[in-house]
Structure formats: C-alpha cells, structure tokens
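# Residue-level structure breakdown
If you want the building blocks of each chain, they are given just below.
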Amino acid sequence: MHFQRISKTFAAVALASTSFFAATSAFAGEITVWCWDPNFNVAIMKEAGARYTAKHPDTTFNIVDFAKADVEQKLQTALTSGTTDALPDIVLIEDYGAQKYLQSFPGAFAPMSDTVDYAGFAPYKVKLMTVDDKVYGMPFDSGVTGLYYRKDYLEQAGFKPSDMQDITWDRFIEIGKAVEEKTGKKMLGLDITDAGFTRILMQSAGQWYFDAEGNLSIENNTALKAALETQQKILKANIHKPAAGWTDWVGTFTSGDVATVTTGVWITGTVKAQADQSGKWGVAPLPSLGIEGATHASNLGGSSWYVVESSAEKKEAIDFLNEVYAKDIPFYQKILTERGAVGSLLAARTGDAYMLADPFFGGEKVWQNFSDWLSKVPAVNYGVFTNEVDTAVAAHLPSLAQGADIPTVLKEIQSQAEGQIQ
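Attention here is on the structure that accompanies the text. The structure presented is a predicted model; accordingly, all values stated were derived computationally and were not measured.

On a plain count of helices and strands, the chain comes out with 16 helices and 13 strands. Scaling as 2.2 N^0.38, a compact globule of 422 residues should have a C-alpha radius of gyration of about 22 Å, and the chain matches this with 22 Å. Over its C-alpha atoms, taken along the principal directions, the chain stretches across nearly 70 × 50 × 35 Å. Within the span of the chain, comprising 422 residues, buried residues form 57% of the whole.

As structure tokens, this is what we get:
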C-alpha cells in the first residue's frame, strides 16, 4: 500500500488459476493491471478480480506485479513516446504523482465522472484526481494518519488516554519532556532527512507546497512554516530519538525505545507485529499545529487506480472498478481484516470489521477511529512537482537542528524548488 513498500517481484500474477477463472481463449475480455507490493496491492486486486469474475465469468484478470519504480518508469516511457499499446488496462498510481500524470498527459486516462459516484469517497482523495471538473481514477487506499502512543509509558509519567486527545504539538512536546523525565524514553523517533513528517503537519492545516491553482507556495505558506517550527521545537527539546532511514525509524518504536509514532494507518500491522506489546498501545487524533485552519487529521501516502483511455477493455475496466471499489462494502471488510487496508469509500466504515474492538489496542475501535478521521483530512492540491519540492525541503531539514531561521529556510527552499521545477 504505502510508498515505503517496494516489491522486487517482476513476475506476472495471473488470476486465472483460481476456480473462478476457468479461462480459455474464447473468453471475451481479459483486464490487465499493473501494480506493486504482492502482499498488499496485488493481493487486494486479486480479491477484487475474483469477486467481479464470480458475477461476470467472461471477464478474467492478469495482475502484473512490478516494483513501484518500474511501474512509474514504464508508464512514463509509454506515455511520453505516445506508444500506448503495451500499457495495461488499469494502472496503480501513487496519489502524490497523480496530478503530474493527469496534467502532463491529457487524454491518457479515462474520466469516470459519468459512472462513479465520487460523493461517496473521502473528499481529499477525489480532489487529487480531478482536472477541469473531470474526475479520473478510482480512489483506493488511504494514508490517514494518527498518533499511536504507549499507554504504559504515558501512565508512568502521570498521563491518561484522555490527556492525548485533541492536543496541540506544543502540548505534545510538554508531555514528551515529562515522559522522558519519568521513564527515560524519548517521545518519538525522527529522521530529520525525511520530509514525510513535514508533509503530515502541513496537510493537517489544509495547505501544501502548491496553492489551489497549482502555483508554488513556500515562502508565505503558514502551514509549512508552522510545520518547520514544530520540528525545530521538537529538536530543541531533545525529546526525539534520531533515526537514519526507514528501518532505523521503525526500530525506534518496535524496540520500545520511544513513546509515540505519528504516521499513516498502514503502519498498524507493523505496530501489532510486536506481540509482547499487546494492550500497551493506544491511538489518538493527530496533534494540531494550533494555527488558523489547523485540524487533527492528515494523510501520508496512498494510491488510486486509473484506466488507460486507449484500453480496448476500457468500459469493462471502469465497470469492474465501479462495481467492486465503489459499491462492495463486504470487500472492504475483507481487505481490512486480511491486509490492514483502510479504503477511501466512506460507506465501508459501516461494516462489521470497522466496528470491532482491537485487543492489541486495549479494546479500542481503532479502525472506526481512522475511518472517522479519514473524512476530515483536508483536501489539498498535490500539484505536478511534489517529489521535486520534497527533495528541496528534505535538503534543508537538517539545518533546523542548528537553530536555522525559519523564514530564511523557507526562502532557500523556495529558491531551490524553483530551480528544480523549471
């Protein structure tokens, strides 16, 4: 699901091996899908395909598993050359890159506004696939964020779960100081070279690297300024455990060295993998930046499905996505329980799986909480050059630890970003 997972498997996975798919050359339509991550995206699409073929026996599926970078390279190459014959019928695109493809290659993907009821999905997911009032793509998984915290550490420091609800980041820092004083544990792991945390904070206040019209917005971006200020406060308070890279960062909380984790819902499986920590964790809403427009909801990661306009199976592919991903509530219960996937279809949260109390989290209905926060994630314009600006932001994050002047940092990021996106 999320962008940190990259499959190294290059083999095509044909669904025709299941009992649903007694495929022969006489079958009318085979829908080819490109995606990555065999344990998440591939497995979920196989389940979706099986459900559709059970009702539409003439339709089979060929799910091709590439590394995420290879999907992007092959898609980019084909669209740039104009040779789309080798493209699949459906392709998975990470949300941060959606506008880049939609705007750079107009007409390459099929609009689905006339078929799909987009009012049923989380608004922020719909906005990122909209161009000129036409909506492309089928919203898939969410990266809705939360604050995971160790109840036992907080209790040792004199705090109750209620003390973690709807707090600001300034309050978070105060609590972090008390936790370290009483337990010796740092409050969070932090990789100061990774801009993911910055993006979470910025989007929680309804802003992005670009304004609503897609223009670069750095120097006068109040949410980005507050995000950088918050990170600098965390560094100054020294309530963090430094991490270098993904594996090191994950180790800060799986080892029990830190009291909290702030990231997308897709980390839940990793948190729960530590069986000896069962009952010790809780989940609270994201702390607020405390500025105008600030909320307790944000997002990190997520992807959606897109139908290639030139596909010979275009109508069939759209019908499939609409029937399963836009309407099949039991499907979302199954992928939640089996894969930990929180989909973007808001009606899915009425299902049984979302209502279950989770013993690992002390009986909290964590999936219900995440699905509620999902509807509150601010919609922003990811623009065409999110990855390029992200590089510029990440390059300047280390200077925060040296007490860099935030307005100066913003000016430098603006200058570097302008150079990278010309």
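Moving on: the pairing of strand β2 (residues 29-35). Counting buried positions over the seven residues of β2 gives six, a clear majority of the element. With seven bridges connecting them, β2 and strand β3 (residues 59-65) associate as parallel partners. Its bridge partner lying in β3, W34 is registered against V64. Since β2 and β3 lie parallel, the crossover through helix α1 (residues 38-55) that links them has a hand, and here it is right-handed.

Scanning all chains against the criterion turns up 19 salt bridges. E94 serves as the salt-bridge partner of K68, at 3.5 Å between the closest nitrogen and oxygen. Taken together, the positions of K68 in helix α2 (residues 68-81) and E94 in strand β4 (residues 90-94) put the pair 26 residues apart, joining distant regions of the chain. An identical accessibility class is assigned to K68 and E94; each is buried. For K100, the salt bridge identified is with E388, shortest N-O distance 3.2 Å.

Turning our eyes to something else, we now look at the nonpolar core. By size, the foremost hydrophobic cluster in this structure holds 146 residues, and its most contacted members are F109, W305, F320 and Y325. In terms of residue count, helix α8 (residues 222-237) provides more of this core than any other element does, seven residues in total. Other than its neighbours up to four places away in sequence, F109 contacts L75, L79, V91, I93, Y101, L102, Y136, Y306, V307, V308 and E309.

Rules used throughout
- Residues numbered from 1 in each chain as written.
- Predicted model: local features only at pLDDT ≥ 70, side-chain atom pairs only at ≥ 80, totals over all residues.
- Heavy atoms only, no water.
- Helix = DSSP H or I, 4+ residues; strand = E, 2+ residues; numbered from the N terminus.
- Rg over C-alpha atoms; globule rule 2.2 N^0.38 Å.
- Buried < 20%, exposed > 50% of the residue type's maximum accessible area, 1.4 Å probe, protein only.
- Pairing = 2+ DSSP bridges.
- Right-handed = clockwise from strand over helix to strand, strands pointing away.
- Salt bridge = Lys/Arg side-chain N within 4 Å of Asp/Glu carboxyl O.
- Core = buried A, V, L, I, M, F, W, Y, C linked by side-chain atoms within 4.5 Å.
- Contact = heavy atoms within 4.5 Å.

So yeah, pure geometry; function would need other evidence.
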